[in-house]
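Observations on chain architecture
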Amino acid sequence: MTELRWIWLIARKDLLLELRSGGRLLSMIAFVVLAGFLFAFALDQSRVAGRDVVASLTWLTILFASTAGAGRIFDSEEEDGAFRHILLTPVSRGAVFLGKASANLVLIWLVAALSFTSLNTFMGVRSPGSLAAHAAVLLPGTIGLAATGTFFGRMSRHSALGDTLLPVLTFPLLVPLVYFGATASARVFLELPWTEISGLVRLLWAFALGSIAIGAFLFRHVTDE
């Protein structure tokens, strides 16, 4: 119970700081809206139906928006040395990682909801299929994105390249997640039976749980200086 309380407190603190500053959240929202607008004009919808590509575009938009600046969740504490003080407390490294990842996850959920809505609107998709099925696909995918982004976001803080290094580290690892997620979402748009989607969702959950377990275990190595 103590670990869960620490995870909650760390996530709550990061979300409050993000809401007060609003910089990262506003940039993510602006990126999502502009991406949907540009995709709608870049694709010739007389030749390519929006329903055929909106699943892939949604996942790519979520990927780019969530990865950009994922490491900034550590910046406010790095500036005044607060993160080092957190590490000196009895809180486990795993709890710190899970708290940070939870805060990132909430932001990614907001981005995912906005991406799904804006892209369907701009691409003219009026019947996207079951919203519950879309949520069941996006949930493990966003968890995997949050865990991976948090881990490598902390790792990128140790490099002079900073956020520039983050896509280089994460994108190769996230290829399976985006592929399985986009394929599953496309099948939901086509209103295929759940039996043809559930196998991909299980793979997404395996990726998400693996990312959480590995990230929590290795986080101590990227925090020790």
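Let me sum up the structure you'll find in this document. (Residues numbered from 1 in each chain as written. Predicted model: local features only at pLDDT ≥ 70, side-chain atom pairs only at ≥ 80, totals over all residues. Heavy atoms only, no water.)

1. With respect to empty space enclosed by the protein
Heads up, the rule is: The method works on a 1 Å grid over the protein atoms by themselves. A cavity is a set of points holding a 1.4 Å probe that cannot get out, a pocket is an open set with protein on both sides within 12 Å along at least five of seven lines, and residues with an atom within 4 Å of a point line them. Grid points are joined across faces, edges and corners, and a volume is the space filled by probe spheres set on the points. For helices the rule is a DSSP run of H or I covering at least 4 residues; for strands it is a run of E covering at least 2, with both sets numbered from the N terminus onward. Residue classes follow a fixed rule: Ala, Val, Leu, Ile, Met, Phe, Trp, Tyr, Cys and Pro count as nonpolar, while Asp, Glu, Lys and Arg count as charged, and any other residue, Gly among them, counts as polar.
By the definition in use, this model includes two cavities of 30 Å³ or more. Put simply, the second largest cavity is a space of about 30 Å³. Ala55, Thr58, Trp59, Phe116, His134, Leu138, Ser185 and Phe189 together form the lining of the second largest cavity. Counting residues per element, the ones that place at least two in the lining of the second largest cavity are helix H3 (50-67), helix H7 (131-156) and helix H8 (165-189). Top element by residues in the lining of the second largest cavity is H3. It accounts for three residues. Here the residues of the lining of the second largest cavity sort into five nonpolar, three polar and no charged.

2. Some words on the nonpolar core
Spelled out, the test is: The criterion is simple. A nonpolar core is a set of buried Ala, Val, Leu, Ile, Met, Phe, Trp, Tyr and Cys residues joined through side-chain atoms within 4.5 Å. Classification of residues uses two cut-offs on accessible area relative to the type maximum, computed with a 1.4 Å probe and protein chains only: under 20% is buried, over 50% is exposed, and between them is partly exposed. In what follows, residue pairs with any heavy atoms lying within 4.5 Å of each other are defined as contacts.
Core analysis: the largest hydrophobic core is formed by 23 residues, its most contacted members being Trp59, Ile62, Val137, Leu145, Leu177 and Ile197. Contributions of two or more residues to this core are made by H3, helix H6 (93-122), H7, H8 and helix H9 (198-223). Setting aside anything within four residues of it in sequence, one finds Val137 in contact with Trp59, Gly181, Ala184, Ser185, Val188, Ile197, Val201 and Leu204. Counting twelve residues, the second-largest nonpolar core is a separate cluster that includes Ile10, Val96, Ala147 and Phe219.

3. Quick notes on the packing of helix H1 (residues 2-21) against H6
The condition is simple: Only the stretch in contact is used when a helix axis is fitted, and all axes are lines through C-alpha atoms; the angle between N-to-C directions ranges over 0 to 180 degrees. Oblique is the label for any angle not covered by the other classes, which are roughly parallel (under 35 degrees), roughly antiparallel (over 145) and roughly perpendicular (65 to 115). Here is the rule for handedness: rotate from the far helix to the near one, and if that takes an anticlockwise turn smaller than a right angle the crossing is left-handed, while a clockwise turn gives right-handed.
Two numbers describe how H1 lies on H6: the axes approach to 8 Å, and their chain directions differ by 45°. Judged by the angle between their axes, H1 and H6 are oblique. For H1 against H6, the interelement crossing comes out right-handed. Between H1, through Glu3, Trp6, Ile7, Ile10, Ala11, Lys13, Asp14, Leu15 and Glu18, and H6, the contact on the second element is made entirely by Ala95, Val96, Leu98, Gly99, Lys100, Ser102, Ala103, Val106 and Leu107.

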